[in-house]
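Structure at a glance
What follows is the residue order along each chain.
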Amino acid sequence: MKDTARDSVQATENLKHSGTNGVYAILPCNGLDKAAGAVSREVALQLAERTGSEILCPVFYRVAEARYNRLAGERPLLVIDGCATRCASKLAAENGLKASKKLTVTEEAKQRGIELGDALRLDEAGCSLAKALATALLDAEAVETAEQKAATAFPEHFEYETYQKDKFLFRLPKSGFFFNENDVWVLADGNRARVGLTDYLQQTLSDILFATPPAVGTVVEQFGELGTIESAKAVMEVVSPVTGKVVAVNQALAASPELINQNPYEQGWLVELELADFEKDRELLLDFAGYLPVLKRKVDQFQVR
Amino acid sequence: MNEATFMGVPRSRIDWSPRIDYAKCNDCLECVEFCPHQVFEVREAEMPKLIVKNPGNCVVFCRACAKTCGVDALSFPNKNQTTLLIKQVRKEMGGR
Ligand code: SF4
Ligand code: SF4
């Protein structure tokens, strides 16, 4: 894409994103073979009733693309997957639609300690889960911008060591950064830190389509889950290098997840955290000199699949 | 660098790999296709068909394949206990 074209697409995306007010085009899983399908459908119905969002029927979508593609172009797209098979996400990707929000029912149920069971009809538990999910989504939207503490001013550019294999170039910032062996970096400034993926992880995932950071206020533990990153290939959990509380998320990623591919250390950072005990975390982190051989080993084994 | 270590600790001392819940697994093999580290093995004629063949190949603290499993049949050891164990072993090794 030419730069100007990209800029204008980006401007529209930003506009679309800032003015949602909870009014979406919703593409839900409508799976009839799992309880999570019924819950997805119910979340979509709840949101449609409460906000005037419009639902895209995944089955009808197969035969009437044009109408839905237009609708999805006019409003931000919310994709609701029932389970990890992610049929709705895949359908969106096939049609070149970019989601601005995503929800996976089984994940949410797990986080809330709810067993979905085998019944295919929506039962009471499923119904209250659907209600809770719809409410949480609308609430989050309302506080998201209010709560976000201004992102700290971290440097915008770094010096890199590079390592190349075939046509792939892997950058590694030379100083200040720490890494875990799960290919996630942390850059601390006092008790505040920025976290993101390394070039290695970004390259193995290839084109990143969607980043789901944890909500501001979430407390994560070292090696716990710090949101997910989705590419055409897979959904990957981000393994947190530190323990702390999320105080800001990189909002530019909602409209432009490709920033992670462009430079995951600079504009493609993921979240900022308030650190709990960085000295303790550091015991199980690698610095540049420690991570470089790990990176080289991984790159040498790396196979494009 | 020795390949079979994690943060300086011999990989063999760290118990980290997926656990398959055979009551849920439907042999779709999404997890096998996803993991690039040959952790799983598929045995065509046997029951169960899918086994964790090389637990030591699994990347410590990775849980990525669990996200590909539509029926949520994969689980992992407790990460806090694993973290503690790694720190403990590092201490022992440092004291030598
Ligand atoms: S993805 Fe899940 S259901 Fe499919 S083979 Fe693996 S463990 Fe079994
Ligand atoms: S946790 Fe990661 S490394 Fe281990 S088997 Fe799953 S995908 Fe492979």
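These numbers were taken from a predicted model, which means no experiment stands behind them.

Before going further, it helps to examine the site of ligand 1. Cys25(B), Asn26(B), Asp27(B), Cys28(B), Leu29(B), Glu30(B), Cys31(B), Leu50(B), Cys69(B), Val71(B) and Leu74(B) make up every residue found near ligand 1. The residue makeup of the shell around ligand 1, split by class, is 8 nonpolar, 1 polar and 2 charged.

Glancing now at the sheet that holds strand 3 (residues 77-81) of chain A. Residues and elements named next belong to chain A. Strand order across the open sheet formed by 4 strands is 2-1-3-4, with parallel pairing between neighbours. Unpaired on one side and paired on the other, strand 2 (54-55) and strand 4 (99-104) mark the two borders of the sheet. Where strand 3 lies against strand 4, 5 bridges are found, and the strand directions are parallel. By the bridge assignment, Leu77 is partnered in strand 4 with Ala99.

Okay, the nonpolar core next. Counting residues in each nonpolar core, the largest one holds 75 residues, and the members touching the most others are Leu197(A), Ile229(A) and Phe40(B). Broken down by element, the residue count for this core peaks at 6 residues, all from helix 12 (residues 288-301) of chain A. What Leu197(A) contacts, discounting residues up to four positions off in sequence, is Asp183(A), Trp185(A), Leu205(A), Ile208(A), Ile229(A), Val238(A), Ile260(A), Pro264(A), Tyr265(A) and Leu270(A). Counting residues in each nonpolar core, the second largest holds 19 residues, with Ala35(A), Val43(A), Leu116(A) and Leu129(A) among its members.

Moving on, we come to the site of ligand 2. In the vicinity of ligand 2 lie 13 residues, with Cys35(B), Cys58(B), Val59(B), Cys62(B) and Cys65(B) positioned nearest. Taken together, the residues of the shell around ligand 2 break down into 11 nonpolar, 1 polar and 1 charged.

Across the boundary between the two partners, chain A contributes 29 residues, which contact 26 residues of chain B. Taken together, the connections running from chain A to chain B amount to 5 salt bridges. Inspection of the chain A/chain B interface yields 10 residue pairs in polar contact (both at pLDDT 80 or more). Listing elements by their share of the side of chain A that touches chain B, those giving two or more residues are helix 6 (105-111), strand 12 (225-231), strand 13 (235-239) and helix 12 of chain A. Of the residues that constitute the side of chain A that touches chain B, the class distribution is 12 nonpolar, 6 polar and 11 charged.

Time to look at the packing of aromatic side chains. Counted under the stated rule, the structure contains 15 aromatic pairs over all chains. Ring centres of Phe6(B) and Phe61(B) lie 5.8 Å apart, and the angle between their planes is 70 degrees; on these two criteria the pair is classed as edge-to-face. Placement of the pair is Phe6(B) in strand 1 (residues 5-6) and Phe61(B) in the loop between strand 5 (50-52) and strand 6 (74-75), with a sequence separation of 55 residues. For Phe61(B), a relative accessible area of 0% puts it in the buried group. These aromatic residues form a ring-pair network of at least three members: Phe158(A), Tyr160(A), Phe177(A), Phe179(A), Trp185(A), Tyr265(A) and Tyr291(A). Here Lys102(A) stacks its cationic end above the ring of Phe210(A), 5.2 Å away from the centre of that ring. Sitting above the plane of the Trp269(A) ring, Arg194(A) keeps its charged end 4.0 Å from the centroid.

Residue and element names in this part refer to chain B. Counted at 1.5 Å a residue, the expected span for helix 2 (residues 79-94) with its 16 residues is 22 Å, and the 22 Å between its end C-alpha atoms agrees. Listed as buried for helix 2 are Lys79, Thr82, Thr83, Ile86, Lys87 and Val89. Taken end-on, helix 2 shows its buried residues confined to a sector of 165 degrees, consistent with a single buried face. The outward face of helix 2, more than 90 degrees from its buried face, is lined by the exposed residues Gln81, Leu84 and Lys91.

Moving on to the side chain of Glu272(A). All names here are of chain A. Structurally, Glu272 is set in strand 15 (residues 271-275). By relative accessible area, Glu272 is classed as buried at 0%. Reaching out from Glu272, the side chain makes a polar contact with the side chain of Arg192 at a distance of 2.9 Å.

Residue and element names in this part refer to chain A. Strand order in the open sheet formed by 3 strands is 10-12-13, with antiparallel pairing between adjacent strands. The open sheet is flanked by strand 10 (208-212) and strand 13, the only strands paired with a single partner. Mean inter-strand twist for the sheet, computed between neighbouring axes without regard to direction, equals 25 degrees.

This part takes up the confidence of the model for chain B. Residue and element names in this part refer to chain B. Overall, the predicted model of chain B reaches an average pLDDT of 91, with 95% of residues at or above 70. By mean pLDDT, strand 1 is the weakest element of chain B at 88, and strand 3 (residues 19-20) is the strongest at 98. Of the two predicted TM-score estimates for the complex, the pTM is 0.78 and the ipTM is 0.88.

This part is about the pattern of salt bridges. Considering all chains together, one arrives at 21 salt bridges over all chains under this definition. Close ionic contact of Asp72(B) with Lys110(A) constitutes a salt bridge, the shortest N to O distance being 3.1 Å. A residue pair is termed interchain when its members come from two chains, as with Asp72(B) in the loop between strand 5 and strand 6 and Lys110(A) in helix 6. Put simply, Arg171(A) and Asp199(A) hold a salt bridge, and the shortest N to O gap is 2.7 Å. Remark: Asp199(A) occurs in helix 8 (residues 199-205) and Arg171(A) occurs in strand 6 (residues 168-173); sequence separation between them is 28 residues. An identical accessibility class is assigned to Arg171(A) and Asp199(A); each is buried. Salt bridges sharing common partners tie together Arg86(A), Lys102(A) and Glu230(A).

Criteria and cut-off values
Residues numbered from 1 in each chain as written. Chains lettered and ligands numbered in written order. Predicted model: local features only at pLDDT ≥ 70, side-chain atom pairs only at ≥ 80, totals over all residues. Heavy atoms only, no water. Near = heavy atom within 4 Å. Nonpolar A, V, L, I, M, F, W, Y, C, P; charged D, E, K, R; others polar. Pairing = 2+ DSSP bridges. Helix = DSSP H or I, 4+ residues; strand = E, 2+ residues; numbered from the N terminus. Core = buried A, V, L, I, M, F, W, Y, C linked by side-chain atoms within 4.5 Å. Buried < 20%, exposed > 50% of the residue type's maximum accessible area, 1.4 Å probe, protein only. Contact = heavy atoms within 4.5 Å. Salt bridge = Lys/Arg side-chain N within 4 Å of Asp/Glu carboxyl O. Polar contact = N/O pair within 3.5 Å; in protein donor to acceptor, adjacent residues only side chain to side chain. Phe/Tyr/Trp six-rings, centres within 6.5 Å; stacked < 30°, edge-to-face > 60°. Lys NZ or Arg CZ within 6 Å of the ring centre and 35° of its normal. Expected span 1.5 Å × (residues − 1). Arc of directions from axis to C-beta. Axes fitted to C-alpha atoms, helices over the stretch in contact; angles between N-to-C directions. pLDDT = per-residue confidence, 0-100.

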